[in-house]
Amino acid sequence: MNKIYLWGFIVTAAMLGFTYMSVIGSKGGLNGDIVNILTAAAAVALVLITVFTVIKYVRQMQVDTASGELANEKWDDIGEYLNPIPTGWGILFLLTMVWGMWYFLIGYPVNGYSQIGEYNEDVAAHNTKFEAKYKDITGDRLIEMGESVFLAECKVCHGLTADGIDGTASDLNVRLEANVVKYHILHGSNSKLMGTENPMPNRYGIMNANTDYSPISDAEIDVVSEYVANGMTGEGADVFAGACAACHGADGKGQAYVAPNIATFDIGLVVTILNHGKRGVIGGMPAFDRLNTKQKEAVGAYITSLSAKE
Amino acid sequence: MENRPLEYDYSVSKLFIYNTLFVGFIGMFVGTYIAWEMAFPSLNVIFGDGAIAEYTNFSRLRVLHTDSVIYGFVLSGVWATWYYVGQRVLKVSMAESKTLMVIGKLHFWIYFASSAVIVVSLFMGITTSKEYAEFEWPLDLGITVIWLLWGASIAGLIGLRREKTLYISLWYYIATFLAVAMLHLLNNLEIPTYYASGGIGAWSHSVSMYAGTNDALVQWWFGHNAVAFVLTTPIVAIIYYFLPKESGQAIYSYKLSLLSFWGLMFIYLWAGGHHVLFSTVPDWVQTMGSVFSVILILPSWGSAINMLLTMKGEWQQVASSPIIKFMVLGSTFYMFSTLEGPIQAIKSVNAIAHFTDWIIGHVHDGALGWVGFTIIAAIYHMIPRMFKREIYSKKLMATQFWIQTLGIVLYFTSMWIAGITQGMMWRAHDEFGNLAYSFIDTVTVLHPYFIIRAVGGTLYLIGFVMFIYNIYKTMSARQVEESELQNATPMGA
Amino acid sequence: MFHWLEKNPFFFALAVFVTIAFAGLVEIVPNFAQQSRPLIGTTPYSTLELAGRHVYIKNSCNACHSQLIRPFKSETDRYGDYSLSGEYAYDRPFLWGSKRTGPDLMRVGNYRTTDWHENHMWDPEKVVPGTIMPAYRWMFVNNTDIDTAYAEMLTIEKFFGVPYNKPVPMKDGTTKIIKMGATLNEARMMALEEAITISHDMKNQDVIDAVALGRIPEIVALIAYMNSLK
Ligand code: HEM
Ligand code: HEM
Ligand SMILES: [Ca+2]
Ligand SMILES: [Ca+2]
Ligand SMILES: [Cu+2]
């Protein structure tokens, strides 16, 4: 076999191999996605057409000889043959032009393509497919789904293991950290955690509106912060019962319309946070409008499961 | 008088060749450096994370790379050939007209001075952000002057010509001149804010006349055709002269040249829409961009085929001359990138390719394989004739060829894999219908490919240094050739 | 005919010019009027946001980041609603970008916050392990060029009628006024006020001190711009 063919074969095989690697490398494979399929096909066509066209001309360099009638003129000794254009090239040029005209004048307006229309169809198809699937997702599967949302959306802030990356976001493996609790007792809280504007007053306001008298002492604050952060265990139960239980409930699990659950995460709380975002001592947590209801529920289940393990 | 061979004057051409080598090295060095930065981000702060980091950072350096290779390396190369080829195919010497010499010298020195200002201003972060048109208005004016000087030299040489018919290369030089003039003027319509506001703020700052989608439309009409008329048509001009000249073969077909030229002129300008597919420009403009890109394959391939057929029956030359090798492989890469481009312009493919490294791969198989190789070959052909010396070392030249070829192959294959992988990962949904990957997952997978690309770029750069060395040694060697050289360039072992 | 042109350079050049100029006329001109109207809810940039936009451009963030969300499910899931032409009405220049080495930022204001940007611009690798985004620490030191932003506001108001100090219709039926200083000094004061609000959410003591003293480090302007991208 001629060396050129061998080279052509090697190049083709390598490029096709690379294309295959890329498709597999994106783990999903072709995924039945028409765009993926067309792209892979186009890449294959690109390699085959180039390699074999070039081989054709290299063969002519190797075996053919230059011939034809020369033009009268020469430029700095460069001559010019009056050879006709290569037939295949001419025909293809004509064909593509005809195709272009047709596509633009007839094919295209008749189809009335719109990229937004196409998008709407895609989304509708996606939603029908997954709405059917979502219905059955509960329990561990829901948590698994939530983990997948978490890894795509939340890990940039909360970290791969949800540890909050050195305090730059909340550590979600525990319900609350002591410094957060302390901050909210000192300054109150106003993050629509109940879904609506329903702030928790600051340390002066817990019992009455006096601004210079705090019904809870600094020492008590430290104790109760540890108590809450430790999952409502240890010292401070008395302070909690006195100062906090009225709103957050004796067990800290919150009361509807009054105050949120500060003992454990629950799906509703996380969903509310995802709907409204949150601002606190650590920083800002954005709202996530673009997640759908099921995704929010799922990630809520996942986060709840993180601290529930202990 | 008529019988004596003309003494051509290469002094302007030489200046441009020196600049091609100089800026070519800098631009590719920066390219290699930013390629390594993408593989190992700590290189961004190699001189510490303090004040210096501002100037060694990827995003500042990237425009320095693109602008210095395109407007420094490529344009200098193009002008070096213009001041060489122009005289020869028109049969006039620059020396015949004092005015032309002055124009040529001014052209070079104003260009050189502006380049220096551009480098400083880009380092300082003075940029309009428009790709390949980053320069602020004072530099736009400078560029206009430089361009007009080039135009004057074209008009001047043609005005004095003894050869009545314009050779094919000249068609392409003329088209380059006209198109870039038009693009540059329209894309850079901007209002200097310092003057408009009665003297507030930075004097160099300006604001674009176009907003949003319109601005994008004009910018990519410019951007696409800047590629066409800086990285394509002048390079076609170069190869149409140097390949037949070096090989001693006649151009395969005048008709093919003719159809390819006019076809390219007509079709290229419509294809810019392929840079804004799935954007907010109207669907029909996008479709137009895709359709014309596909048609564009043929006029592009027409020139490449014409070159390959010019070498018909001349395989022994391809095998023995590195200069011919550079040009034949250059034409091949031209074919590859002008098929790859149209394929990436198909909407479904662009949905994956756009925004990814596959585009970067496409850029560089064109830029390194086609543009770089053709310019390198042209300089190898010109230098021995200007200095009447044989090339210092053919072996070195051949080694350079293979090293750079390997570099290109590593570059475009790694970007091919990286681009397709990332494009598909962005689209992937998992079994729950959620996005399968967070963005960072699609960045970390690219690490090995970034390393391979950086190695490829380094090889290409090493080849380029060998090239500079070879040219330098050629220039400083003993004069051997007495008379005007014909065809094949003499090469030392 | 062609051979005749090849002997007559002037007409040759003319023919080339007509051939290449034609496409631009057909493709670009008709779209102009239609594309430039702002969407309801799209507002001009405030002084500090515009200055932040200049910081973004100065550092060529657009070399790695796009601001164009294509109408694909995978993109709207990741970044939010696909982009509409009218949303860019006040973008001079446009910043769509052509390479997405980092994620799209068209709506980053919706899902990232001041303190996150602060940490991320200081040390991206710490926030997002494996990232290849460089750190931008000098932005915590360098001062923002408010004057040039103000000059630009004056210019675009005068030449393009950008509605500063005028009610702009919002999606919920209300209107909003983006203010522009009447004098340079007023503009500087307004920018500082914006900067103070942002610095409240920041932790870097040098930056907070600088703002308290009336200086605006580039990072503050940049964050104002990032937060405005919605
Ligand atoms: C038939 C000819 C060609 C067509 C139809 C074509 C098409 C394309 C397409 C579709 C893109 C990508 C746009 C995107 O999605 O971002 C592109 C980018 C590019 N191409 Fe080509 N291409 C052609 C030839 C070439 C050649 C010969 C070169 C020479 C080096 C070249 C240089 C570039 C460059 C520099 C870019 C990047 C532009 C940017 O900054 O985004 N192209 N081309
Ligand atoms: C040693 C050789 C070179 C290396 C290592 C190199 C490397 C690079 C890198 C790393 C980028 C940035 C890619 C990104 O942002 O992802 C780039 C962009 C670019 N380079 Fe090079 N380059 C080299 C030579 C050249 C040459 C010779 C040209 C032109 C003649 C060129 C033209 C460009 C262009 C136009 C872009 C921008 C592409 C785009 O925005 O789509 N490069 N190069
Ligand atoms: Ca400009
Ligand atoms: Ca680009
Ligand atoms: Cu293009």
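In the block above lies the structure referred to throughout.
First things first, this report covers the structure right here in the doc. For clarity, every value in this text was computed on a predicted model and none was experimentally measured.

Looking only at helices and strands, one finds 18 helices and two strands in chain B. What you see for chain B is a C-alpha radius of gyration of 23 Å, in line with the 23 Å of a compact globule of 493 residues. Considering only C-alpha atoms, chain B reaches an extent of 80 × 60 × 50 Å along its principal axes. Looking at chain B residue by residue over its 493 residues, the buried ones come to 73%. When contacts within chain B are restricted to residue pairs at least 6 apart in sequence, those whose partners lie at least 24 apart make up 82%. Working note: accessible area of chain B is about 14200 Å², and carbon and sulfur atoms make up 70% of it. Of note, chain B has its 26 positive side-chain charges centred 14 Å away from the centre of its 28 negative side-chain charges.

Residue and element names in this part refer to chain B. Judged by side-chain polarity, F22, F25, I26, F29, W109, F112 and V465 come together as a nonpolar surface patch covering roughly 630 Å² of accessible area. The set of elements that each furnish at least two residues to the nonpolar patch consists of α1 (11-39) and α4 (98-123). For the nonpolar patch, the element with the most residues is α1, which contributes four residues. By the secondary structure assignment, V465 is in helix α18 (residues 447-475). Look at V465 and you get partly exposed, because its relative accessible area is 38%.

Here we take up the coordination of the copper ion (ligand 5). Reference geometry at the metal: tetrahedral coordination by four donors gives ideal angles of 109.5 degrees; octahedral coordination by six donors gives 90 or 180 degrees. All names here are of chain B. Coordination of the copper ion (ligand 5) by the protein involves H224 (ND1), H274 (NE2) and H275 (NE2), with metal-donor separations of 2.1 Å. Donor residues for the copper ion (ligand 5) sit on one chain with the sequence pattern H-x49-H-H. Taken as a pair, the copper ion (ligand 5) and the iron atom of ligand 1 lie 4.6 Å from each other. Of this pair, H224 sits in helix α8 (residues 212-231) while H274 is found in the loop between α10 (254-268) and α11 (283-310), placing the two residues 50 residues apart along the sequence. An identical accessibility class is assigned to H224 and H274; each is buried.

This part is about the site of ligand 2. Taken together, 25 residues are adjacent to ligand 2, and R62(B), H65(B), E131(B), H364(B) and K99(C) come closest. The environment of ligand 2 is shared, with nearby residues belonging to chains B and C. In the environment of ligand 2, a nitrogen atom lies 2.7 Å from a nitrogen or oxygen atom belonging to the side chain of H65(B). H364(B) has a polar side-chain atom sitting 2.8 Å from a nitrogen atom of ligand 2. When contributions to the shell around ligand 2 are tallied by element, the ones reaching two or more residues are α1, α3 (58-90), α15 (357-387) and α18 of chain B. At seven residues, the largest contribution of residues to the shell around ligand 2 is made by α3(B). Along the lines of polarity and charge, the residues of the shell around ligand 2 split into 14 nonpolar, six polar and five charged.

It is worth spelling out the pattern of salt bridges at this point. All names here are of chain B. Tallied over the entire structure, the rule returns 26 salt bridges over all chains. Taking the shortest distance from any N to any O, the salt bridge between K130 and D215 comes out at 2.7 Å. On the criterion of sequence distance, the pair formed by K130 in the loop between α4 and α5 (137-159) and D215 in helix α8 is long-range, its members being 85 residues apart. A single burial state applies to K130 and to D215, both of which are buried.

Another point: the coordination of the iron atom of ligand 1. No other protein atom reaches the iron atom of ligand 1 as a donor apart from H362(B) (NE2), found 2.1 Å away. Looking at where H362(B) falls in the secondary structure, it is placed in helix α15.

A cis amide bond links R92(C) to the next residue, P93(C), at an omega of -5 degrees. Its location among the elements puts P93(C) in the loop between α5 (73-79) and α6 (114-122). Unusually for a residue other than glycine, M232(A) sits at a positive phi of about 60 degrees. Relative to the elements of secondary structure, M232(A) occurs in the loop between α7 (218-229) and α8 (237-243). You will see that Y132(B), though not glycine, has its phi angle at about 70 degrees, which is positive. Using a relative accessible area of 16% as the deciding quantity, one classes Y132(B) as buried.

This next bit is on the interface of chain A and chain B. In this assembly, 77 residues from chain A lie in contact with 82 residues from chain B. Between chain A and chain B, roughly 7000 Å² of surface is buried when both sides are summed, and carbon and sulfur atoms account for 68% of that area. Sorting the residues of chain A by area buried against chain B places M61(A), D76(A) and W89(A) first, and these three jointly supply 11% of that buried surface. Linking chain A to chain B there are six salt bridges. D441(B) is paired through a salt bridge with K155(A); the nearest N and O atoms lie 2.9 Å apart.

In this section: helix α11 (residues 293-308) of chain A. All names here are of chain A. In this model α11 runs 22 Å from its N-terminal to its C-terminal C-alpha over 16 residues, within 8% of the 22 Å that 1.5 Å per residue would give. Burial within α11 is extensive, with 13 of its 16 residues counted as buried. N-cap assignment for α11: the residue whose side-chain oxygen lies 3.1 Å from the backbone N of K294 is N292.

This part is about α3(B). Residues and elements named next belong to chain B. Counted at 1.5 Å a residue, the expected span for α3 with its 33 residues is 48 Å, and the 45 Å between its end C-alpha atoms agrees. The sharpest bend along α3 reaches about 35 degrees and sits at S68. A large share of α3 lies buried, amounting to 33 of its 33 residues. Directly after α3, the chain includes K91, whose backbone phi takes a positive value near 55 degrees.

Below, the discussion takes up the packing of aromatic side chains. All names here are of chain B. As enumerated under the stated definition, the model contains 75 aromatic pairs over all chains in all. Lying over the aromatic face of F387, K14 brings its terminal NZ or CZ to 4.6 Å of the ring centre. Sitting over the ring of Y392, K473 keeps its end group 5.6 Å from the ring centre.

About the cut-offs
Residues numbered from 1 in each chain as written. Chains lettered and ligands numbered in written order. Predicted model: local features only at pLDDT ≥ 70, side-chain atom pairs only at ≥ 80, totals over all residues. Heavy atoms only, no water. Helix = DSSP H or I, 4+ residues; strand = E, 2+ residues; numbered from the N terminus. Rg over C-alpha atoms; globule rule 2.2 N^0.38 Å. Buried < 20%, exposed > 50% of the residue type's maximum accessible area, 1.4 Å probe, protein only. Contact = heavy atoms within 4.5 Å. Areas by Shrake-Rupley, 256 points an atom, 1.4 Å probe, with all protein chains shown as cover. Lys, Arg positive; Asp, Glu negative; His and termini not counted. Charge placed at Lys NZ, Arg CZ, Asp CG, Glu CD. Patch = residues over 30% accessible without salt bridge, like charges linked within 9 Å, V, L, I, M, F, W, Y side chains within 5 Å. Salt bridge = Lys/Arg side-chain N within 4 Å of Asp/Glu carboxyl O. Donors = N, O, S within 2.8 Å, 3.2 Å for Na, K, Ca; no water. Near = heavy atom within 4 Å. Polar contact = N/O pair within 3.5 Å; in protein donor to acceptor, adjacent residues only side chain to side chain. Nonpolar A, V, L, I, M, F, W, Y, C, P; charged D, E, K, R; others polar. Buried area = accessible area lost by both parts, 1.4 Å probe. Expected span 1.5 Å × (residues − 1). Bend = angle between axes of the 7 residues up to and from the residue. Phe/Tyr/Trp six-rings, centres within 6.5 Å; stacked < 30°, edge-to-face > 60°. Lys NZ or Arg CZ within 6 Å of the ring centre and 35° of its normal.

All quantities given are derived from atomic positions and should not be read as evidence of function.
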